[in-house]
Amino acid sequence: MDMLMKINQDVLLPLLDLLTTPTMGFPSGVQTRTAVCLKTLSLMALICLRIGKEMVQQHMADTLRRFFAVFSLLHSLQPQVYVVRCLCYAVAGQCPSQSCGRRVLEELQAVFNPEMAHASYIPFYCLIGRKYPGLCQIRKPYPSETSPFPSGTFGSHLVGNRIQVSRDTDYGGSPNLGLANSWGRPNLEDSALKQELPRSGRSLQGNWLAYWQYEIGLNQQDPHFHFHQIRLQSFLGHSGTTKCLAPLAGEDYFLSGSKDKTVKLWPLYNHGDGTQEVEPRLTYNDHRKSVFYVGQLEASQEVVSCDGTVHLWDQYTGKQIRSYEAVDGKNPITAVTSMPAPHCSVVFGSADSVLRFIDPRKPGLQHEFRLAYNNLSAGLIRYLAVSPSGRTVAAGFSSGFIVLLDARTGLVLKGWPAHEGDILQMKAAEGNLVISSSTDYTLTVWKDLENKPIRQYKSQSDPIHAFDLYGSEIVTGTVANKIGVYSMADISLSPVSSTKLSSENFRGTLTSLAVLPTKRLLLLGSENGAIRLLA
């Protein structure tokens, strides 16, 4: 709540003072002031939406009252503006200060006009209700008997639950605020009684609206991942199986690697009604084989992808920076991962059980460690996982063996037979935890130096070939298109929830999965190349 007060005092109130100042005009006049006003309105509406009606009444009352009071104040000054305009036109040598002040006042009245009042009243009415005292300023903004408009309607009249703007009223070429198709006069049809008010292109619709209505009522401290199978967006562009997904920092974009030898960068915007099909922002085409890994090197903002050769490229231009091939053609690269910030290293393992570290800022290899434990051959390195601190690297082998390596010294800390089958995926989490899944149908949580697993979950139907972490929970996916949520804090070995994906929301076979922890959303890749965003 301290942050809300800070936003209110340091952002909203100064913005309102700037918007309503009669002493200074804006560059480009009405157009610029209107744009800033709409942005400020959007910000206030978003804050009200997030904090709820009661908190708005406690902390936002004065801010909203100050905004809506501007309409009444400007209308009371309207006769004075008319007198000043007449005097300035009558006197040949008008005072520059009077002319400037008149222009600013006319600019204010052109911005805070009936159309702006309507555009600002409607969203706040929907958000916080009719009885909220902060909106009283807008209900009767023209109390004067000499007002050219009917009292409380801003040059319009009420028709049922709508406000119909008079067609013969001239607003001086005011900008479009959602009631017109272009800059200028409102574009309302004669049959306005039979038509809905046009929806803004920025408003939430369909599944996005349903999702946010649910999110508003959700406790922000809730540690659980709730999956309701609400389809929000589709990402179509790959012609082959989507093998890996990687959200970028900030969760505004994500990367996907495919069997079609491409890596694509996709935008994550909350628009449309759930049926929106999004095109990739960028495509990287320099791979020669199927891409099985993609990730971001956060420290340098570079993308790491691998098809047997490690590629580093610029995420903004799509240009390759450097590539690393296997040292020996007989031992191809089988697993890759990137170190967390502030580290700048990329780690990859090859078929000869050697782990190599490279720093994109320097030529050659940084480190090279052989993952031999008690002189046993554990098979191919299938997966690599780095701890959040970057201190340890866990390598999962095709034999089900896991080896834990100290990334600073290169010493093998521990090796143990974790599974009876091939390891499919691994993740490292806070608290020195390693989570692994295998073809033996198990999902296991390990404490790095302990001999027994902390938790071991058994899938009844199919192996868990894809999973991601959300706090203390594990979100899993199987080839049967089942999404499960397991809690590492729960003693029970059963999933907290299990959902079968419907063919309407997800078509094909699930091949990859990634959680967007901040937005509480789920990215799902399929064998047909399509990617879906679900809540």
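Residues numbered from 1 in each chain as written. Predicted model: local features only at pLDDT ≥ 70, side-chain atom pairs only at ≥ 80, totals over all residues. Heavy atoms only, no water.

### Structural notes on the environment of His367
By the secondary structure assignment, His367 is in strand S16 (residues 367-370). Along the chain, His367 and Leu355 lie 12 residues apart, while their C-alpha atoms are 8.1 Å from each other. (Helix = DSSP H or I, 4+ residues; strand = E, 2+ residues; numbered from the N terminus.)

### Description of the packing of aromatic side chains
Within this structure, the stated rule accounts for 14 aromatic pairs. Centre to centre, the rings of Trp208 and Tyr211 are 6.0 Å apart; their planes meet at 75 degrees, and the pair counts as edge-to-face. A residue pair is termed a helical-turn pair when its members lie 3 or 4 positions apart in one helix, as Trp208 and Tyr211 do in helix H9 (residues 206-216) at 3 residues. Tyr211 carries the same exposure label as Trp208, and that label is buried. Grouped by ring-pair contacts, the aromatic residues Phe67, Phe68, Phe71 and Phe112 constitute a single cluster. Note that Lys414 overlies the ring of Trp416, its terminal NZ or CZ placed 4.3 Å from the centroid. (Phe/Tyr/Trp six-rings, centres within 6.5 Å; stacked < 30°, edge-to-face > 60°. Buried < 20%, exposed > 50% of the residue type's maximum accessible area, 1.4 Å probe, protein only. Lys NZ or Arg CZ within 6 Å of the ring centre and 35° of its normal.)

### Concerning the pattern of salt bridges
Tallied over the full model, the rule gives 12 salt bridges. The residue Asp422 makes a salt bridge to Arg382 at a minimum N-O spacing of 3.0 Å. With a gap of 40 residues between them, Asp422 in the loop between strand S20 (412-417) and strand S21 (423-429) and Arg382 in strand S17 (residues 381-386) connect regions that are remote in the sequence. Overlapping salt bridges bring together Asp352, Arg356 and Glu368 as one network. (Salt bridge = Lys/Arg side-chain N within 4 Å of Asp/Glu carboxyl O.)

### Concerning the sheet that holds strand S18 (residues 392-397)
Judged by pairing direction, the sheet is antiparallel, and its 4 strands sit side by side in the order S17-S18-S19-S20 without closing on themselves. What marks the edges here is a single partner per strand, and that holds for S17 and S20. Averaged over all adjacent pairs, the angle separating strand axes in this sheet is 15 degrees, with direction ignored. (Pairing = 2+ DSSP bridges. Axes fitted to C-alpha atoms, helices over the stretch in contact; angles between N-to-C directions.)

### A short note on the pairing of strand S25 (residues 466-470)
On a regular strand, one side chain projects to one face of the sheet and the next to the other, so that they alternate. Counting buried positions along S25 gives 5 out of 5 residues, so the element sits mostly inside the fold. Residues Ala466, Asp468 and Tyr470 of S25 are buried on one face, and the alternating residues Phe467 and Leu469, pointing to the opposite face, are buried as well. For S25 and strand S26 (residues 473-477), the ladder comprises 5 bridges, and the chain directions are antiparallel. Counted as the bridge partner of Leu469 is Ile474 from S26. The antiparallel hairpin formed by S25 and S26 contains 2 residues in its connecting segment, where Gly471 sits at a positive phi of about 60 degrees.

### A few points about the environment of Pro267
Secondary-structure assignment places Pro267 in strand S6 (residues 263-267). When its relative accessible area of 5% is taken as the criterion, Pro267 is described as buried. Separated by 12 residues in sequence, Pro267 and Leu255 have C-alpha atoms that sit 9.2 Å apart. Beyond its immediate chain neighbours, meaning those up to four positions away, Pro267 contacts Phe235, Asp252, Tyr253, Val278, Glu279 and Arg281. (Contact = heavy atoms within 4.5 Å.)

### As for the pairing of strand S13 (residues 333-338)
Counting buried residues along S13, 5 of its 6 residues qualify, which places the element largely inside the surrounding structure. Two strands pair when backbone bridges link them, and S13 and strand S14 (residues 346-350) are joined in this way by 5 bridges, in the antiparallel orientation. Along S14, the bridge assignment pairs Ile333 with Ser350.

### Here's the deal with the sheet that holds strand S9 (residues 293-297)
Across the sheet, which stays open at both edges, the 4 strands sit in the order S9-S10-S11-S12 with antiparallel pairing between neighbours. Both outer strands of the open sheet, S9 and strand S12 (320-324), are each paired with one neighbouring strand and no more. Put simply, the sheet's adjacent strands are angled 20 degrees from each other on average, direction ignored. In this sheet, S12 lies alongside strand S11 (residues 310-314) in antiparallel orientation, the contact comprising 4 bridges. For Val310, the partnering residue across the bridge sits in S12 and is Tyr324.

### Some thoughts on the side chain of Ser345
On the secondary structure map, Ser345 appears in the loop between S13 and S14. For Ser345, the side chain forms a polar contact with the side chain of Gln366, separated by 2.7 Å. Ignoring sequence-local partners within four residues, the contact set of Ser345 consists of Leu297, Ser338, Met339, Phe357, Ile358 and Gln366. (Polar contact = N/O pair within 3.5 Å; in protein donor to acceptor, adjacent residues only side chain to side chain.)

### A word on helix H2 (residues 30-51)
In this model, H2 (22 residues) spans 32 Å end to end at C-alpha, consistent with the 32 Å of a helix rising 1.5 Å per residue. Remark: Gly52 follows H2 within two positions and exhibits a positive phi of approximately 90 degrees. (Expected span 1.5 Å × (residues − 1).)

### Focus: helix H4 (residues 61-76)
Over its 16 residues, H4 runs 23 Å from end to end, which matches the ideal 22 Å to within 8%, given 1.5 Å per residue. The axis of H4 is deflected most strongly, by about 25 degrees, at Ala69. Listed as buried for H4 are Ala61, Thr63, Leu64, Phe67, Phe68, Val70, Phe71, Leu74 and His75. (Bend = angle between axes of the 7 residues up to and from the residue.)

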